[in-house]
Amino acid sequence: SDYTFGIYQTAKQESTGQQFISNFSSGIRDYTVKTDLNYHPLIKHSFRIGGIATYHIFTPKAIVSKNDFSTETGPNTKEQINSLETGIYGEDDWRPLSWVSVNAGLRLSSFFPENEQYLFLEPRLGLRIGLLEHLTYKASYAEMNQYLHLLSNSTPGLPTDLWVPATQKVKPQHAVQYATGFAASFPKKGLEITLEGYYKRTTNNLTYKDGASFIVNTPESQEATKYEDLVSSGKGRAYGVELFVQYQYKSFTGWVGYTYSRSFQTFADINDGKEFRAKYDRPHDVSVVGSYQISKKWKASATWVYGSGGTLTLPEGQYHVNAIGTMYGFNTIDQLGERNGFRAEAYHRLDLAFQNSKQKKHGVRTWEYGLYNAYSRSNPFFY
């Protein structure tokens, strides 16, 4: 698999025709092999074992630039990190009683970036208990490690995301998650209800330092800097509750899903060391879906979604720094406010659809007519 994105920028002085051109790119290329095996030695036991190996080729930053404002040649730099990630696991589904099932697993994961080695054990445990005929209780515990970090700009502008690996300086992200919930099913009434809650703690989270960016946007900021020098490491916590209700009655089928979730992060050298909302902290998420079989040929459906807006870091002011020899004679620097202190507008829309189906000799022919964003909501894309 291969993923690449690029940003191309130009700056030109009209009076002289001099220009600064920067072509920035970043990407990941992966080569993966994996295998899984299911084994059923007993009625009450079901084993799964498997392994995976992935060779990563990271290009966190590649810059090709032309600078007419300087007599020196602009940098043509390419930062590349090669690494190997492996994992082997064993898992057992066990039913000690007819109304109790246990899922226990252990995974050994490893990551080998250049001149470094990481090795972790990741236990997982799940429990399912049938309390009543139509009521089930579920609980789970899991530890996980992630060797790829996602860096996101939280300032206004294009929502660019950068994937970077763990290195000798940058540790892998570690997470511990607890979840519990109930599931109820009433087949005669056509009703299913699920209620679940979770709590998650993470360490070695990664984010940009205040004012840092992977984009080269001025002739003076061409010097190649590794991403490890632009980031800060911290911790995070997240929790939430999810409710799902599905109902079916005659020709009508519908469901409602609601999630309340929060996500926070803390970094010693960011936001004065105070906890702040993560970029993807979106408290409310709602989905409402319904479909009705009008006749043998016609079916109507509707979907409405709602989500709280994302968070952004906005500047509260600006100041100028003299920079003799630059294109404008000074650099403008933003004075940033609280990290992720601004919440964007909520996202919501309504989609409608009608289907006309007819049985043909060799199959079913279906025409579908859809109306996307039926009330023409103008949702924010970026600020």
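Residues numbered from 1 in each chain as written. Predicted model: local features only at pLDDT ≥ 70, side-chain atom pairs only at ≥ 80, totals over all residues. Heavy atoms only, no water.

### Observations regarding the pattern of salt bridges
No. 1: Throughout the structure, instances matching the rule amount to 13 salt bridges.
No. 2: We note a salt bridge from glutamate 122 to arginine 107, for which the minimum N-O separation is 3.2 Å. Of the two residues, glutamate 122 sits in strand S6 (residues 118–132) while arginine 107 sits in strand S5 (residues 100–112), which places them 15 residues apart along the sequence.
No. 3: Taking relative accessible area as the criterion, glutamate 122 reaches 1% and is therefore assigned buried.
No. 4: Residue classification places arginine 107 among the partly exposed residues on the basis of a relative accessible area of 23%.
No. 5: Notably, a salt bridge pairs aspartate 229 with lysine 169, separated by 3.5 Å at the nearest N-O pair. One end of the pair, aspartate 229, is in the loop between strand S11 (191–208) and strand S12 (231–249); the other, lysine 169, is in the loop between strand S9 (161–165) and strand S10 (173–186), and 60 residues separate them in sequence.
No. 6: By sharing partners, the salt bridges in this structure join Arg48, Glu91 and Asp93 into a single network. (Salt bridge = Lys/Arg side-chain N within 4 Å of Asp/Glu carboxyl O. Helix = DSSP H or I, 4+ residues; strand = E, 2+ residues; numbered from the N terminus. Buried < 20%, exposed > 50% of the residue type's maximum accessible area, 1.4 Å probe, protein only.)

### Considerations on the layout of surface pockets
No. 1: Put simply, the second largest pocket is a space of about 760 Å³.
No. 2: Taken together, 31 residues make up the lining of the second largest pocket; nearest its centre are Gln173, Asn205, Ser263, Gln265 and Tyr280.
No. 3: When contributions to the lining of the second largest pocket are tallied by element, the ones reaching two or more residues are strand S7 (135–146), strand S8 (148–152), S10, S11, S12 and strand S13 (252–266).
No. 4: In terms of residue class, the lining of the second largest pocket is built from 12 nonpolar, 14 polar and 5 charged. (1 Å grid on protein atoms, 1.4 Å probe; cavity = no way out; pocket = protein on both sides within 12 Å on 5 of 7 lines; lining within 4 Å. Points joined across faces, edges and corners; volume = space filled by probe spheres on them. Nonpolar A, V, L, I, M, F, W, Y, C, P; charged D, E, K, R; others polar.)

### Regarding unusual backbone geometry
No. 1: One non-glycine residue with positive phi stands out, namely aspartate 272, at about 60 degrees.
No. 2: As for its placement among the helices and strands, aspartate 272 is situated in the loop between S13 and strand S14 (276–277).
No. 3: Accessibility expressed as a relative area gives 75% for aspartate 272, which makes it exposed.

### Considerations on a nonpolar patch on the surface
No. 1: Together, Tyr247, Tyr249, Phe252, Tyr292, Ile294, Trp298, Leu352, Phe354, Trp367, Tyr369 and Leu371 line one region of the surface with nonpolar side chains, adding up to about 1,100 Å² of accessible area.
No. 2: Looking at the nonpolar patch, the elements with two or more residues in it are S12, strand S21 (347–360) and strand S22 (363–371).
No. 3: With 3 residues, S22 is the single largest residue contributor to the nonpolar patch.
No. 4: Along the polypeptide, tyrosine 369 turns up in strand S22. (Patch = residues over 30% accessible without salt bridge, like charges linked within 9 Å, V, L, I, M, F, W, Y side chains within 5 Å. Areas by Shrake-Rupley, 256 points an atom, 1.4 Å probe, with all protein chains shown as cover.)

### Quick look at the environment of tyrosine 347
No. 1: Mapped onto the elements, tyrosine 347 comes out in strand S21.
No. 2: Distance in space between the C-alpha atoms of tyrosine 347 and asparagine 379 is 5.6 Å, their sequence separation being 32 residues.
No. 3: If we ignore the near neighbours within four places in the chain, the residues touching tyrosine 347 are Val305, Tyr306, Gly307, Tyr372 and Asn379.
No. 4: Here the side chain of tyrosine 347 touches arginine 349 through a polar contact of 2.9 Å, side chain to side chain. (Contact = heavy atoms within 4.5 Å. Polar contact = N/O pair within 3.5 Å; in protein donor to acceptor, adjacent residues only side chain to side chain.)

### What to know about the packing of aromatic side chains
Remark: the centre distance and the inter-plane angle together describe each pair of aromatic rings, the angle taken between the planes.
No. 1: In this structure the tally under the stated criterion is 12 aromatic pairs.
No. 2: The interplanar angle of 10 degrees and the centroid separation of 4.9 Å between the aromatic rings of phenylalanine 111 and tyrosine 147 together place this pair among those described as stacked. In this pair, phenylalanine 111 is assigned in strand S5 and tyrosine 147 in the loop between S7 and S8, connecting sequence segments 36 residues apart.
No. 3: Given the relative accessible area of 1%, tyrosine 147 is considered buried.
No. 4: Ring pairs connect the aromatic residues Phe111, Tyr118, Phe120 and Tyr147, which therefore count as one cluster. (Phe/Tyr/Trp six-rings, centres within 6.5 Å; stacked < 30°, edge-to-face > 60°.)

### Here we look at a positive patch on the surface
No. 1: On the surface, a cluster of positive charge is contributed by Lys296, Lys297, Lys358 and Lys360.
No. 2: Looking at lysine 360, the relative accessible area reads 42%, which means it is partly exposed. (Lys, Arg positive; Asp, Glu negative; His and termini not counted. Charge placed at Lys NZ, Arg CZ, Asp CG, Glu CD.)

### Let's talk about the side chain of aspartate 30
No. 1: Looking at the element boundaries, aspartate 30 is found in strand S2 (residues 19–42).
No. 2: In this structure, aspartate 30 is buried with no salt-bridge partner, the nearest side chain bearing the opposite charge being arginine 29 at 8.5 Å.
No. 3: Polar contacts involving the side chain of aspartate 30 include one to the side chain of histidine 56, which spans 2.7 Å.
No. 4: Contact partners of aspartate 30, with chain neighbours within four places excluded, come to Ser1, Thr54, Tyr55, His56 and Ile57.

### Description of the confidence of the model for the chain
No. 1: Overall, the predicted model of the chain reaches an average pLDDT of 87, with 88% of residues at or above 70.
No. 2: Note that residues 216–224 has pLDDT below 50 and, in this model, 22 contacts with residues that lie over four places away or in other chains. (pLDDT = per-residue confidence, 0-100.)

### Details of the pairing of S11
No. 1: Inspection of the sheet shows S10 paired to S11 by 13 bridges, in the antiparallel sense. Across the sheet, residue alanine 183 finds its bridge partner in S11, namely threonine 194.
No. 2: What sits between S10 and S11 in their antiparallel hairpin is a turn of 4 residues, with glycine 190 showing a positive phi close to 65 degrees.
No. 3: Here S11 runs beside S12; their pairing, made up of 17 bridges, is antiparallel. The residue bridging isoleucine 193 from the neighbouring strand is valine 245, located in S12. (Pairing = 2+ DSSP bridges.)

### A short note on the side chain of asparagine 205
No. 1: By secondary structure assignment, the location of asparagine 205 is in strand S11.
No. 2: When near neighbours in sequence (up to four residues on either side) are disregarded, asparagine 205 contacts Gln173, Ser232, Ser233, Gly234, Lys235, Gly236, Gln265 and Phe267.

### With respect to the pairing of S10
No. 1: Relative to S10, S7 is paired through 12 bridges, and the arrangement is antiparallel. Looking at S10, one finds that methionine 144 is bridged to alanine 175.

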